[in-house]
Amino acid sequence: MANSTDSFDRRANHLLRVLQFCGGCVPLHRLQFQFSDSVIQTLLDKELVQVQNTGRGFLLEIAEDFVL
């Protein structure tokens, strides 16, 4: 049986793949129902993603120095 850490890591990896598929960034509000705040926050803490304020909303994007 998979533990919660494995499941959490799979969700984090899935989010990174979604970002890559979407050209490296996606509006943060689009992820609201697909990914938990804790998954997004963990990737932010690990500096794998960053948030950009566009003035009309926020974009979650793959960090410039992170390569998948």
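Because the structure is predicted, anything quoted here is derived from the model rather than measured.

Participant: Would you mind showing me how to read the sheet that holds strand β3 (residues 58–62) here?
Facilitator: Pairing between sheet strands relies on hydrogen bonds along the backbone, with the strands arranged either parallel or antiparallel. The three strands lie next to each other as β1-β3-β2, forming an open sheet whose pairing is antiparallel. If you trace the sheet from one side to the other, it starts and ends with β1 (25–27) and β2 (49–53), each paired once. The mean angle between the axes of side-by-side strands here comes to 25°, regardless of whether they run parallel or antiparallel. Of the pairings in the sheet, the one linking β1 to β3 comprises three bridges and is antiparallel in character. In the strand pairing of β3, C25 is matched with E61. Across the sheet, helix α2 (residues 37–45) lies against β2 and β3, angled at about 100° from β2, the strand it touches most.

Participant: Please explain the nonpolar core as it appears in this structure.
Facilitator: One broad trend across soluble globular proteins is that nonpolar side chains are buried collectively. Ranked by internal contacts, the top residues of the largest apolar core, which has 16 residues, are L15, L19, L31, L43 and L60. Elements with a minimum of two residues in this core: α1 (4–21), α2 and β3. A per-element tally of this core places α1 first, with six residues. Among residues more than four places away in sequence, those in contact with L15 are L31, F35, V39, I40, L43 and L60.

Participant: Please clarify how the pairing of β2 should be interpreted in this entry.
Facilitator: Working note: regular strand, side chains alternate between the two faces of the sheet. Where β2 lies against β3, five bridges are found, and the strand directions are antiparallel. What sits directly across from Q50, in β3, is E61. Where β2 folds back on β3, the antiparallel hairpin that results is connected by four residues, among which G55 adopts a positive phi of roughly 90°.

Participant: Which parts of the structure should I look at to understand a negative patch on the surface?
Facilitator: Together, D45, E47, E64 and D65 make up a negatively charged patch on the protein surface. Inspection of the secondary structure assignment puts E47 in the loop between α2 and β2.

Rules of the game
- Residues numbered from 1 in each chain as written.
- Predicted model: local features only at pLDDT ≥ 70, side-chain atom pairs only at ≥ 80, totals over all residues.
- Heavy atoms only, no water.
- Pairing = 2+ DSSP bridges.
- Helix = DSSP H or I, 4+ residues; strand = E, 2+ residues; numbered from the N terminus.
- Axes fitted to C-alpha atoms, helices over the stretch in contact; angles between N-to-C directions.
- Contact = heavy atoms within 4.5 Å.
- Core = buried A, V, L, I, M, F, W, Y, C linked by side-chain atoms within 4.5 Å.
- Buried < 20%, exposed > 50% of the residue type's maximum accessible area, 1.4 Å probe, protein only.
- Patch = residues over 30% accessible without salt bridge, like charges linked within 9 Å, V, L, I, M, F, W, Y side chains within 5 Å.
- Areas by Shrake-Rupley, 256 points an atom, 1.4 Å probe, with all protein chains shown as cover.
- Salt bridge = Lys/Arg side-chain N within 4 Å of Asp/Glu carboxyl O.
- Lys, Arg positive; Asp, Glu negative; His and termini not counted.
- Charge placed at Lys NZ, Arg CZ, Asp CG, Glu CD.

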